[in-house]
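Chain by chain, the residues run as shown.
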Amino acid sequence: MNYFIEALGSKQSTPGGGSAAAITGAIGISLTQMVVSLTTGKPRYEAYQPLLDSVQEQASELTQRFVDGMQADIDAFNGVMEAYRIKATTDEEQVIKQARIEQASKQATVAPFEMMEASILALRLSKQLVGKSNPNVLSDLGVAALNLKATLQSSWLNVLINLKTIQDEVFVARYKEQGEQLLAEGKQLADELYNLVVIELS
């Protein structure tokens, strides 16, 4: 963790905001896993054990998805930088270079978009635990919501900045529309979960 924080604060291009967003998502869904772990086996919640087992399994998969997303973001960014460094002295070489930049920029858009999708899945999963999990760790479920919302919104910023360089209007329109839908749904889910936690704690 110290290495990651130091690298994040350095003048290196990676890791950057996309990696930070992915790690924040991993932290969020890991908190959901913790809530399940500290609820499992308690007689009061025995009736919810099938749900708890399902949430734990899916949360574990999402944790790995976020961790993998950090590397995917780094790889995508590096791909864009490599494309820009291609030497092009002729018109033909310039066309090839622009095509490489376009393709790399698309991949750099897909990486954070997939983190938005994972955030939605994680928020839906976490919300199922309200009222069906150990109340002593209810606040941690609220922290999970905040982390996952941060991942969602941070990833959206990374989608937008990459879309600015893409010439394919169909691609841009599709990811803008779908991204806006994910953003709206995710923000609502996160706010609902957070507010449910606050109500339960008040």
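Residues numbered from 1 in each chain as written. Predicted model: local features only at pLDDT ≥ 70, side-chain atom pairs only at ≥ 80, totals over all residues. Heavy atoms only, no water.

**Here's the deal with the packing of aromatic side chains**
The geometry of an aromatic ring pair comes down to the distance between the two centres and the angle between the two planes. Our working rule: Aromatic contacts are taken between Phe, Tyr and Trp rings whose centres are within 6.5 Å, Trp giving its six-membered ring; a plane angle under 30 degrees counts as stacked, one over 60 as edge-to-face, and the others as tilted. By definition, any uninterrupted DSSP run of H or I lasting at least four residues is a helix, any uninterrupted run of E lasting at least two residues is a strand, and each is numbered from the N terminus. Only protein chains enter the area calculation, which uses a 1.4 Å probe; residues under 20% of their type maximum are buried, those over 50% are exposed, and those in between are partly exposed.
The full count for this structure, using the stated rule, is 2 aromatic pairs. For the pair Phe113 and Tyr175, a centre-to-centre distance of 4.9 Å together with 75 degrees between the ring planes defines the contact as edge-to-face. A residue pair is termed long-range when its members are at least 10 positions apart, and Phe113 in helix H4 (residues 91–127) and Tyr175 in helix H6 (residues 169–201) qualify at 62 residues. Just as Phe113 is buried, Tyr175 falls in that class too. Ring pairing ties together the aromatic residues Phe113, Phe171 and Tyr175, which thus form one cluster.

**Some words on the pattern of salt bridges**
Think of it this way: side chains of opposite charge can pair up when their charged atoms draw near. Put simply, the test is: Salt-bridge detection follows one rule: a side-chain nitrogen of Lys or Arg within 4 Å of a carboxyl oxygen of Asp or Glu.
The tally for this structure, following the rule as stated, stands at 5 salt bridges. Between Arg65 and Glu117 there is a salt bridge, with its nearest N and O atoms 3.9 Å apart. Taken together, the residues Arg65 in helix H3 (residues 49–84) and Glu117 in helix H4 connect sequence positions 52 residues apart. Overall, the relative accessible area of 31% leaves Arg65 in the partly exposed class.

**Observations regarding the side chain of Gln49**
Our working definition: The contact definition used throughout considers only heavy atoms, calling two residues in contact when any of these lie within 4.5 Å.
Note on placement: Gln49 falls in helix H3. Every residue in contact with Gln49, bar those within four places of it in the chain, is listed here: Thr40 and Gly41.

**Focus: the packing of helix H2 (residues 17–37) against helix H5 (residues 138–163)**
The criterion, for reference: Helix axes are fitted only over the stretch in contact, all axes being lines through C-alpha atoms; the angle between N-to-C directions runs from 0 to 180 degrees. Geometric relationships in this document are graded by angle, where less than 35 degrees denotes roughly parallel, more than 145 denotes roughly antiparallel, 65 to 115 denotes roughly perpendicular, and other angles denote oblique. Take the far helix as the reference: if the near one is turned anticlockwise from it by less than a right angle, the crossing is left-handed, and if turned clockwise, right-handed. Gly is put with the polar residues, along with every residue not named as nonpolar or charged; the nonpolar set is Ala, Val, Leu, Ile, Met, Phe, Trp, Tyr, Cys and Pro, and the charged set is Asp, Glu, Lys and Arg.
Axis separation between H2 and H5 bottoms out at 8 Å; the angle between their running directions is 155 degrees. The orientation of H2 relative to H5 falls into the category roughly antiparallel. When you trace H2 past H5, the crossing you get is left-handed. Counted together, Gly17, Gly18, Ala21, Thr24, Gly25, Ile27, Gly28, Ile29, Leu31, Thr32, Met34 and Val35 of H2 and Asp140, Leu141, Val143, Ala144, Asn147, Leu148, Ala150, Thr151, Ser154, Ser155 and Asn158 of H5 form the full contact between these two elements. Residues belonging to the contact of H2 with H5 are distributed by class as follows: 11 nonpolar, 11 polar and 1 charged.

**Observations concerning the environment of Ile120**
One can find Ile120 in helix H4. Note on Ile120: relative accessible area 2%, which makes it buried. Distance from Ile120 to Thr151, taken between C-alpha atoms, is 9.9 Å for residues 31 residues apart in sequence. Not counting residues within four places of it along the chain, the set of residues in contact with Ile120 comprises Leu152, Leu182, Glu185, Gly186 and Leu189.

**Quick notes on H6**
For clarity, the threshold we go by: The span you would expect from a helix comes to 1.5 Å times its residue count less one.
With 33 residues, H6 should reach 48 Å at 1.5 Å per residue; the first-to-last C-alpha distance of 47 Å fits that figure. Those residues of H6 that sit buried are Phe171, Val172, Tyr175, Gly179, Leu182, Leu183, Gly186, Leu189, Ala190, Leu193 and Val197. Elements that come into contact with the buried residues of H6 comprise H4 and H5.

**A word on the side chain of Ser126**
Rules: For the purposes of these results, a polar contact is taken to be a pair of N or O atoms within 3.5 Å, where, inside protein, one atom must be able to donate a hydrogen and its partner to accept one; residues adjacent in sequence count only when each atom of the pair is a side-chain atom.
If you trace the backbone, Ser126 turns up in helix H4. A polar atom in the side chain of Ser126 sits 2.8 Å from the backbone oxygen of Ala122. Sequence-distant contacts of Ser126, defined by excluding residues within four places in its chain, comprise Ile29, Thr32, Leu141, Leu148 and Leu193.

**Brief notes about a nonpolar patch on the surface**
Put simply, the rule reads: For patches, a residue must show more than 30% relative accessible area and have no salt bridge; joins then use 9 Å for like charges and 5 Å for nonpolar side chains, namely Val, Leu, Ile, Met, Phe, Trp and Tyr. All accessibility values rest on the Shrake-Rupley procedure with a 1.4 Å probe; residue burial counts only the protein chains present in the view.
There is a patch of nonpolar side chains on the surface, built from Met1, Ile5 and Leu8 and spanning about 310 Å² of accessible area. Summarising the element assignment, Leu8 is placed in helix H1 (residues 2–8). Judged by relative accessible area, Leu8 falls into the partly exposed class, the value being 31%.

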